[in-house]
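Reading the structure
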Amino acid sequence: MDLAAFLLATLVAHVGFAIFIAGHAAFTGEDAGNWPYITLALGLAGIAGYFFYDEWD
């Protein structure tokens, strides 16, 4: 795979993931916090963190 194509596909995917997280948070009434930004930087790890991270009360 061409490096430029890979980078473009990765960028598009991460932006889509971040939009999904922000949309999900808005739809469910939850606070997305920094997870959209983390997802932009780390991709799938950010999505996993958003869905599986529980703050301690």
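From a predicted model like this one, the values you see are computed outputs, not experimental measurements.

Glancing now at the packing of helix α1 (residues 3-28) against helix α2 (residues 35-42). One way to put it is that α1 packs onto α2 with a least axis distance of 8 Å and a crossing angle of 165°. The angle between α1 and α2 places the two elements in the roughly antiparallel class. Judged by the twist between their axes, the crossing of α1 over α2 is right-handed. For the pair formed by α1 and α2, the contact residues are His 14, Val 15, Phe 17, Ala 18, Ile 21 and Ala 22 on the first element and Trp 35, Pro 36, Thr 39, Leu 40, Ala 41 and Leu 42 on the second. For the contact of α1 with α2, the residue count by class is 10 nonpolar, two polar and no charged.

Let's shift gears to α1. The end-to-end C-alpha separation of α1 is 37 Å, in line with the 38 Å expected for 26 residues at 1.5 Å each. For α1, the secondary structure elements touched by its buried residues are α2 and α3 (44-52).

Counting across every chain of the model gives one aromatic pair. Here Phe 20 and Phe 51 contribute two aromatic rings whose centre-to-centre distance is 6.2 Å and whose plane-to-plane angle is 40°, an arrangement assigned as tilted. Of the two residues, Phe 20 is situated in helix α1 and Phe 51 in helix α3; the sequence distance between them amounts to 31 residues.

To continue, consider the environment of Phe 20. A relative accessible area of 45% means that Phe 20 is categorised as partly exposed. When the C-alpha atoms of Phe 20 and Pro 36 are compared, they prove to be 8.5 Å apart, with 16 residues separating the residues in sequence.

With that settled, the discussion passes to the environment of Gly 29. Looking at where Gly 29 falls in the secondary structure, it is placed in the loop between α1 and α2. Taking the C-alpha atoms as reference points, Gly 29 and Val 15, 14 residues apart in sequence, are found 21 Å from one another.

This part takes up the confidence of the model for the protein. Looking at the protein, pLDDT values average 85 and 91% of them are 70 or higher. For the protein, per-element mean pLDDT is lowest for α3, which scores 79, and highest for α1, which scores 89.

The next point concerns a nonpolar patch on the surface. Taken together, the side chains of Leu 8, Leu 11, Val 12, Val 15, Ile 19, Tyr 37 and Leu 40 make up a nonpolar region of the molecular surface, amounting to roughly 720 Å² of accessible area. Within the residue set of the nonpolar patch, elements represented by two or more residues are α1 and α2. The element that contributes the greatest number of residues to the nonpolar patch is α1, accounting for five residues.

Basis of the calculations
Residues numbered from 1 in each chain as written. Predicted model: local features only at pLDDT ≥ 70, side-chain atom pairs only at ≥ 80, totals over all residues. Heavy atoms only, no water. Axes fitted to C-alpha atoms, helices over the stretch in contact; angles between N-to-C directions. Helix = DSSP H or I, 4+ residues; strand = E, 2+ residues; numbered from the N terminus. Parallel < 35°, antiparallel > 145°, perpendicular 65-115°, else oblique. Left-handed = near helix turned anticlockwise from the far one by under 90°. Contact = heavy atoms within 4.5 Å. Nonpolar A, V, L, I, M, F, W, Y, C, P; charged D, E, K, R; others polar. Expected span 1.5 Å × (residues − 1). Phe/Tyr/Trp six-rings, centres within 6.5 Å; stacked < 30°, edge-to-face > 60°. Buried < 20%, exposed > 50% of the residue type's maximum accessible area, 1.4 Å probe, protein only. pLDDT = per-residue confidence, 0-100. Patch = residues over 30% accessible without salt bridge, like charges linked within 9 Å, V, L, I, M, F, W, Y side chains within 5 Å. Areas by Shrake-Rupley, 256 points an atom, 1.4 Å probe, with all protein chains shown as cover. Salt bridge = Lys/Arg side-chain N within 4 Å of Asp/Glu carboxyl O.

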